[in-house]
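Chain by chain, the residues:
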Amino acid sequence: MGNKIYVVGMGPGREEMMTGEALCALEQADVIVGYTVYLDLLDTRFQQKELLSTPMRMEEERCRLCFEEAEKDKKVALICSGDAGIYGMASLMLEIGKSYPQTELIVIAGVTAASSGAAVLGAPLGHDFCVVSLSDLLTPWETIEKRLSAAAEGDFVIVLYNPSSRKRKDYLRRACDILLQSIEGERICGYVENIGREGTKAETCTLRELRDREVNMFTTVFIGNSESELIGGKLVTKRGYQTEEQHGEKSSRGIL
Ligand code: SAH
């Protein structure tokens, strides 16, 4: 039998928000590798396992550490927040994995911040949406600008990951300025901080107001499309079903 590494998306934080498959992989693992913040989020029963971490920004080293541990015939789980394939380590693991053909990589889906944050706000992703990261560590800012403009042009609901960091305080403002070139200032938006963790905070506001809001790196931002609205305080993007509320008559619910 070859070596196995599970690349696990642990969801936004709390264990209840992890998938059963992710939990199962962690339970089977001999070694759990991850950024310290994520290791600390794990329940005490996992703290008995061998836990290994490398500092933030040492992603490649963290990946290689997994392969080295797997070569010692241990079952390894690499944990990422949310989904490991969404701005996570799954792609880097698969790339580095080319040099370790005897090791099998199993990617396990997790609940990404777009999904868990959307649930806190209501149902903002009821129609086509785009996800854009504002981090220019690995992507040139011009590319980010181009994608933001195209998403606005396409009337997508837009989800922003990495909206801020210590070094990038004004990035959300810069992104809003680009969006405001084609989207009206009254467009409904929302953002959620610390999803599934202590201190969850959700807010809704207009795009113009969002421009001046301060958010931190543990925040996911949602910009509605032209049809999004607030219903009883919840941010909703309709799928387009004809409801009785709109028509005062029985509607076809066959495809709900
Ligand atoms: N793989 C992760 C995303 C990593 S990028 C996922 O699928 O969710 C990091 C960004 O994700 C953060 O800057 C933030 O925008 C978002 N994010 C991740 N976890 C979050 C949480 N618990 N609460 C709010 N935003 C979160």
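That block above? That's the structure.
Parameters and conventions
Residues numbered from 1 in each chain as written. Predicted model: local features only at pLDDT ≥ 70, side-chain atom pairs only at ≥ 80, totals over all residues. Heavy atoms only, no water. Helix = DSSP H or I, 4+ residues; strand = E, 2+ residues; numbered from the N terminus. Buried < 20%, exposed > 50% of the residue type's maximum accessible area, 1.4 Å probe, protein only. Phe/Tyr/Trp six-rings, centres within 6.5 Å; stacked < 30°, edge-to-face > 60°. Lys NZ or Arg CZ within 6 Å of the ring centre and 35° of its normal.

## Focus on unusual backbone geometry
So, step 1. One non-glycine residue, Asp73, adopts positive backbone phi at about 70°.
So, step 2. Structurally, the position occupied by Asp73 is in the loop between helix H3 (59-71) and strand S4 (76-80).
So, step 3. Among the residues examined, Asp73 registers a relative accessible area of 64% and is labelled exposed.
So, step 4. Positioned with a positive phi, Asn194 is a non-glycine residue whose angle comes to about 50°.
So, step 5. Tracing the sequence through the fold places Asn194 in the loop between strand S9 (188-193) and strand S10 (201-206).

## Details of the packing of aromatic side chains
So, step 1. Enumeration over the complete set of coordinates arrives at four aromatic pairs.
So, step 2. A ring pair is formed by Tyr35 and Tyr38, whose centres lie 5.5 Å apart and whose planes are at 80°; its orientation type is edge-to-face.
So, step 3. Using a relative accessible area of 18% as the deciding quantity, one classes Tyr38 as buried.
So, step 4. A centroid spacing of 4.3 Å and a plane angle of 10° characterise the contact between Phe67 and Tyr100, whose relative ring orientation is stacked. Pair noted here: Phe67 is in helix H3 and Tyr100 is in the loop between helix H4 (90-96) and strand S5 (103-108), with a separation of 33 residues, a long-range link. The residues Phe67 and Tyr100 share a single accessibility class, namely buried.
So, step 5. Geometry around Tyr171 places Arg174 over its ring, the cationic atom sitting 4.6 Å from the centre.

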